[in-house]
Amino acid sequence: MKGRNMTRWRDPAKDPRQEPRSNLITAEGAARLRGILDHLSRIKRPELSAKVGEAAALGDRSENADYTYNKKELNRVIARIRYLTKRLDELQVVDRLPADTDKVYFGAFVTLEDEEGEEMQIRIVGHDETDTTKRWISVDAPLAKALLGKALDDEVTVRAPAGDSVYVITDIAYRSPQL
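Residues numbered from 1 in each chain as written. Predicted model: local features only at pLDDT ≥ 70, side-chain atom pairs only at ≥ 80, totals over all residues. Heavy atoms only, no water.

A. Looking closely at the environment of L37. Within the secondary structure layout, L37 lies in helix α1 (residues 27–57). By relative accessible area, L37 is classed as buried at 17%. Taking the C-alpha atoms as reference, L37 lies 9.5 Å from Y83; in sequence the two are 46 residues apart. Setting aside residues no more than four positions away along its own chain, L37 makes contact with I81, L84, T85 and L88. (Helix = DSSP H or I, 4+ residues; strand = E, 2+ residues; numbered from the N terminus. Buried < 20%, exposed > 50% of the residue type's maximum accessible area, 1.4 Å probe, protein only. Contact = heavy atoms within 4.5 Å.)

Below, the structure written as structure tokens:
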């Protein structure tokens, strides 16, 4: 059977999409997701519903590009609302600092020095709030897993496709959760 919903077979044991994701999120990340959900529900969806209604009133829907585009956009927004509602129910908000702030835990800003002496600062956050431009990595990422529980001046080895990378933790900082 051929169709648009058919994909190639993947071994569930090796498929990265099947790996369990943690349901942790920072208070700021949860607030941002709630804000997106609120915007989509109260502003975007009614706006698109009105556009679809106006386009449908014009007559023939089969050749009405306005109707077709806005209907697809409305369906996309409804699917996103459904996903965010379900995801927010599953998430566990981490709204306090860890007891031992001298070690790396969820929400930490960690400064690392590599073998060449170059420094980089990352933050360990939940899967839903990763941002490569800010260097916020998921708690499920290999680097984050290697860092969790480590202290200042610890050496961390991370396996990568290009080979092992060794880092030294030069700074650990936390920011108070803002609710």
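Having put the structure on the table, let's press on.
B. Unusual backbone geometry, seen in detail. For R135, which is not glycine, the phi dihedral falls at a positive 65 degrees. Structurally, R135 is set in the loop between β4 (119–125) and β5 (136–138). You can call R135 partly exposed: its relative accessible area is 40%. At D153, a residue that is not glycine, the phi angle is positive and equals roughly 70 degrees.

C. Examining the side chain of E73 more closely. Among the secondary structure elements, E73 is positioned in helix α2 (residues 65–90). At 2.6 Å, the side chain of E73 forms a polar contact with the side chain of R76. (Polar contact = N/O pair within 3.5 Å; in protein donor to acceptor, adjacent residues only side chain to side chain.)

D. Expanded view of the pattern of salt bridges. One pass over the structure, following the stated rule, counts 7 salt bridges. A salt bridge links E90 to R87; its shortest N-O distance comes to 3.2 Å. Residue E90 and its partner R87 are located together in helix α2, separated by 3 residues, close to a single helical turn. Judged by its relative accessible area of 7%, R87 falls in the buried class. A salt bridge links R87 to D128; the nearest nitrogen and oxygen atoms lie 2.9 Å apart. (Salt bridge = Lys/Arg side-chain N within 4 Å of Asp/Glu carboxyl O.)

E. Local environment of the packing of α1 against α2. Direction vectors running N to C along α1 and α2 enclose 155 degrees, while the axes themselves pass 9 Å from each other. It follows from the interaxial angle that α1 and α2 lie roughly antiparallel. The interaxial crossing formed by α1 with α2 has left-handed handedness. Within the contact of α1 with α2, the residues separate by chemical class into 16 nonpolar, 4 polar and 8 charged. (Axes fitted to C-alpha atoms, helices over the stretch in contact; angles between N-to-C directions. Parallel < 35°, antiparallel > 145°, perpendicular 65-115°, else oblique. Left-handed = near helix turned anticlockwise from the far one by under 90°. Nonpolar A, V, L, I, M, F, W, Y, C, P; charged D, E, K, R; others polar.)

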